[in-house]
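An overview of the molecular structure
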Amino acid sequence: GQNIDQPTEMTATEGAIVQINCTYQTSGFNGLFWYQQHAGEAPTFLSYNVLDGLEEKGRFSSFLSRSKGYSYLLLKELQMKDSASYLCAVRGGYQKVTFGTGTKLQVIP
Amino acid sequence: KAGVTQTPRYLIKTRGQQVTLSCSPISGHRSVSWYQQTPGQGLQFLFEYFSETQRNKGNFPGRFSGRQFSNSRSEMNVSTLELGDSALYLCASSLDSLANTDTQYFGPGTRLTVL
């Protein structure tokens, strides 16, 4: 089976840096995805990691450690529009994608 | 390129009825996956279709079914609706889910309310 854990909620200040963690236990591993979902909208793709290390994309970075079953999404220079849910998803055996329940991030002034 | 479209966007049904939801993937995408999203459970995988064949299935009862047409458009059907089926149903398309780098793109969803 597959199990993905993320914190339920986080609060951070505008302009700051926030790290959203994701731990997973899966049968098979073929990549980890991060999605952003604003309230009432569809999830949008942010990043993909399949090898260990850091992937940087502008203000967003994602890190993966396969041996630890661990990933994090790092958001820098937080803006109010970054208030959203962040979903961690793992592609496991048979290419099946499993999503975590998401972390609701609130950015405050 | 147009994104993933889903119809209808909102639906209200009563217990015992059945419902059909439709999804049109991004042009060129051959894989379509369906998810149920509820506040407590997050995104739950329903099934995935590729080239008109169901390739993966989640842990949902047989009341949930789907199909894919030759143009990659997909439908999902829920029969004998229960109150617990109230949720946002999301469709995601991708080029080919067998490629590790394959990325899913989501439609806006269909909000189903069962009364």
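From a predicted model like this one, the values you see are computed outputs, not experimental measurements.

1. Some words on the sheet that holds strand β6 (residues 53-57) of chain A
Residue and element names in this part refer to chain A. Spatially, β1-β3-β8-β7-β6 is the arrangement adopted by the five strands of the open sheet, whose pairing is antiparallel. For this open sheet the edge positions go to β1 (3-5) and β6, each flanked by a neighbour on one side alone. Averaged over all adjacent pairs, the angle separating strand axes in this sheet is 15°, with direction ignored. Of the strand pairs in this sheet, β6 and strand β7 (residues 60-65) are connected by five bridges, and their pairing is antiparallel. Within β7, the residue paired with G53 across the bridge is L64.

2. As for the pairing of strand β11 (residues 110-114) of chain B
Residues and elements named next belong to chain B. Only one face of β11 is covered, namely the one carrying T110, L112 and V114; the face carrying R111 and T113 has none of its residues buried. Bridging between strand β2 (residues 10-13) and β11 involves four bridges; their strand directions are parallel. What sits directly across from L11, in β11, is L112. Relative to β11, strand β9 (residues 87-94) runs antiparallel, the two being bridged by three bridges. By the bridge assignment, L88 is partnered in β11 with R111.

What counts, and where the lines are drawn
Residues numbered from 1 in each chain as written. Chains lettered and ligands numbered in written order. Predicted model: local features only at pLDDT ≥ 70, side-chain atom pairs only at ≥ 80, totals over all residues. Heavy atoms only, no water. Pairing = 2+ DSSP bridges. Helix = DSSP H or I, 4+ residues; strand = E, 2+ residues; numbered from the N terminus. Axes fitted to C-alpha atoms, helices over the stretch in contact; angles between N-to-C directions. Buried < 20%, exposed > 50% of the residue type's maximum accessible area, 1.4 Å probe, protein only.

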